[in-house]
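So the chains spell out like this:
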Amino acid sequence: MRNAGQLAKLAPTRYDLRPERDLEAHPMDATLLFRPLVAAALSLLALAASAQVPKHAPGTVCFTPRLWCWAQPPGQPGSACSCSTPYGRAAGTLG
């Protein structure tokens, strides 16, 4: 069995809660903090693009990955549709 003096040497005397690295010393850490901000800004831009669609009844707008158009003919939301583009038809989904 160990005596109290030996146990005191093994037990930590204090806990250091400071970060091990400094952001100024490691600029890569600063970019890791910046990435979520960039992701949030890009997601807000995507919401702004969908906000450009006027108010409509469900199933009357066809959404493609790059654009939207009025559905001809309207149908059940979630079903397949297509929009005319200068390059041909673009497949989409009614919304």
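The model shown is predicted, which means the values in this text are computed figures rather than measured ones.

Novice: I'd like a description of the nonpolar core, backed by residues and values.
Specialist: If you look at the biggest cluster of nonpolar residues, it comprises six residues: C62, C69, A71, C81, C83 and L94. When near neighbours in sequence (up to four residues on either side) are disregarded, A71 contacts G59, T60, V61, C62 and L94.

Novice: Could you give an account of the confidence of the model for the chain, naming the residues involved and the relevant values?
Specialist: Looking at the chain as a whole, the pLDDT averages 75, with 49% of positions reaching at least 70. Ignoring residues within four places in sequence, the model shows residues 45–49, a span with pLDDT below 50, making zero contacts including any to other chains.

Novice: Lay out the pairing of strand β3 (residues 80–85) in plain terms, naming residues and giving numbers.
Specialist: The side chains of a regular strand alternate, first on one face of the sheet and then on the other. Bridging between β3 and strand β4 (residues 88–94) involves six bridges; their strand directions are antiparallel. By the bridge assignment, C81 is partnered in β4 with G92. Linking β3 back to β4 in an antiparallel pair, the connection comprises two residues.

Novice: Any chance you could break down the side chain of T60 for me, citing the residues and the numbers?
Specialist: Here T60 shows up in the loop between α2 (27–50) and β1 (61–63). We classify T60 as buried; its relative accessible area is 18%. One polar contact links the side chain of T60 to the main-chain carbonyl oxygen of A57, over a distance of 2.6 Å. Beyond its immediate chain neighbours, meaning those up to four positions away, T60 contacts C69, W70, A71, P74 and G95.

Calculation criteria
Residues numbered from 1 in each chain as written. Predicted model: local features only at pLDDT ≥ 70, side-chain atom pairs only at ≥ 80, totals over all residues. Heavy atoms only, no water. Core = buried A, V, L, I, M, F, W, Y, C linked by side-chain atoms within 4.5 Å. Buried < 20%, exposed > 50% of the residue type's maximum accessible area, 1.4 Å probe, protein only. Contact = heavy atoms within 4.5 Å. pLDDT = per-residue confidence, 0-100. Pairing = 2+ DSSP bridges. Helix = DSSP H or I, 4+ residues; strand = E, 2+ residues; numbered from the N terminus. Polar contact = N/O pair within 3.5 Å; in protein donor to acceptor, adjacent residues only side chain to side chain.

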